[in-house]
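# Breakdown of the fold
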Amino acid sequence: PVKLTVLPASASADNAQLALADVPIVVLNPLTTPGSTIIGDPGLCALLENPNAIFVVLGGAPSEELRDHVIHRISAKVPSVRARLLYVDPSRALSAVNALRADPSSSLAVQRYQDDYIASCLTSVTDAVSEMLGSASAPSSANVLHEVRTRTALSAVRGALSSIRS
């Protein structure tokens with residue numbers, strides 16, 4: 001079973017629940033949390049090293065130049081983060097739902113729904129989690145979950161060892 005726990009923004013980044021999650025998802029709003037916070041916060045930096053962590057940046061896909069800048073700054077500390085940094089636009093997803101609600105029988109509303117939902121990139125989050133955990137109906141899903149938990153544990157050990165060295 002999948003358990004979803006939502007932690008308030010005021011919760012410490014090194015919260016035990018987040019550190020022990022099989023697939024921690026950190027949602028960042030650039031309007032309220034600047035990118036420098038990610039790099040400067042030791043708790044978030046530790047999560048960057050977790051191979052299962054997924055970082056979701058709200059506000060839609062930025063320009064290619066801005067995206068490369070953010071990835072460069074973060075991957076300077078953790079090279080493997082590129083694939084785990086997702087950009088989503090929740091306002092486009094909401095616009096999609098509202099378009100369909102307004103007139104569910106209209107083909108134009110359905111088309112707007114499809115266009116806005118795809119543009120929101122919301123499916124990238126579910127795709128990333130599905131890829132990480134594998135298909136729940138797959139016969140080897142227990143093995144996949146075991147592998148995810150092993151990677152999480154190894155990451156925690158590496159983090160503890162690197163903090164001792166520092």
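Everything below is about the structure printed above this text.
What counts and how
Residues numbered from 1 in each chain as written. Predicted model: local features only at pLDDT ≥ 70, side-chain atom pairs only at ≥ 80, totals over all residues. Heavy atoms only, no water. Helix = DSSP H or I, 4+ residues; strand = E, 2+ residues; numbered from the N terminus. Buried < 20%, exposed > 50% of the residue type's maximum accessible area, 1.4 Å probe, protein only. Contact = heavy atoms within 4.5 Å. Core = buried A, V, L, I, M, F, W, Y, C linked by side-chain atoms within 4.5 Å. Salt bridge = Lys/Arg side-chain N within 4 Å of Asp/Glu carboxyl O. Expected span 1.5 Å × (residues − 1). Arc of directions from axis to C-beta. Pairing = 2+ DSSP bridges. Axes fitted to C-alpha atoms, helices over the stretch in contact; angles between N-to-C directions.

## What to know about the overall build of the protein
Summing up its helical and strand segments, the protein has eight helices and three strands in all. Going from the N terminus to the C terminus, the protein shows its helices and strands as α-β-α-α-β-α-β-α-α-α-α. The burial tally for the protein puts 27% of its 166 residues in the buried class. Across the protein, every contact between residues at least 6 apart in sequence was considered, and the portion connecting residues at least 24 apart equals 67%.

## As for the nonpolar core
Looking at soluble globular proteins, one finds that nonpolar side chains tend to be buried together. Formed by Val 23, Ile 54, Val 56, Leu 86, Val 88, Val 125, Ala 128, Met 132 and Val 148, the largest nonpolar core amounts to nine residues. Those elements that provide at least two residues to this core are β2 (54-58), β3 (85-88) and α7 (123-133). Broken down by element, the residue count for this core peaks at three residues, all from α7. Leu 28, Val 57, Leu 85 and Tyr 87 belong to the second largest nonpolar core, which has eight residues in total.

## Structural notes on the pattern of salt bridges
Side-chain pairs of opposite charge can arise whenever the charged atoms involved come near each other. Evaluation of the coordinates by the stated rule reveals one salt bridge. Its salt-bridge partner being Asp 116, residue Arg 92 comes within 2.9 Å of it at the nearest N-O pair. One end of the pair, Arg 92, is in helix α5 (residues 90-102); the other, Asp 116, is in helix α6 (residues 107-120), with 24 residues separating them in the sequence. Here Arg 92 falls in the partly exposed class, since its relative accessible area comes to 31%.

## Comments concerning α5
The end-to-end C-alpha distance of α5 is 18 Å, a good match for the 18 Å that 13 residues give at a rise of 1.5 Å each. Buried residues of α5: Ala 93, Ala 96 and Ala 99, and no others. Projected down its long axis, α5 carries its buried residues within an arc of 120 degrees, all on one side. Set apart from the buried face of α5 by more than 90 degrees, the exposed residues are Leu 94, Arg 101 and Ala 102. Those residues of α5 that are buried lie in contact with α6.

## A short note on the sheet that holds β2
Judged by pairing direction, the sheet is parallel, and its three strands sit side by side in the order β1-β2-β3 without closing on themselves. The sheet is open, and its two borders are formed by β1 (25-28) and β3, each paired with just one other strand. Neighbour-to-neighbour, the strand axes of this sheet turn through a mean angle of 25 degrees, independent of strand direction. Both β1 and β2 contribute to a ladder of four bridges, which runs parallel. Paired with Val 26 across the bridge in β2 is Phe 55. With respect to the sheet, α7 is in contact with β1, β2 and β3, its orientation differing from that of β3 by roughly 150 degrees.

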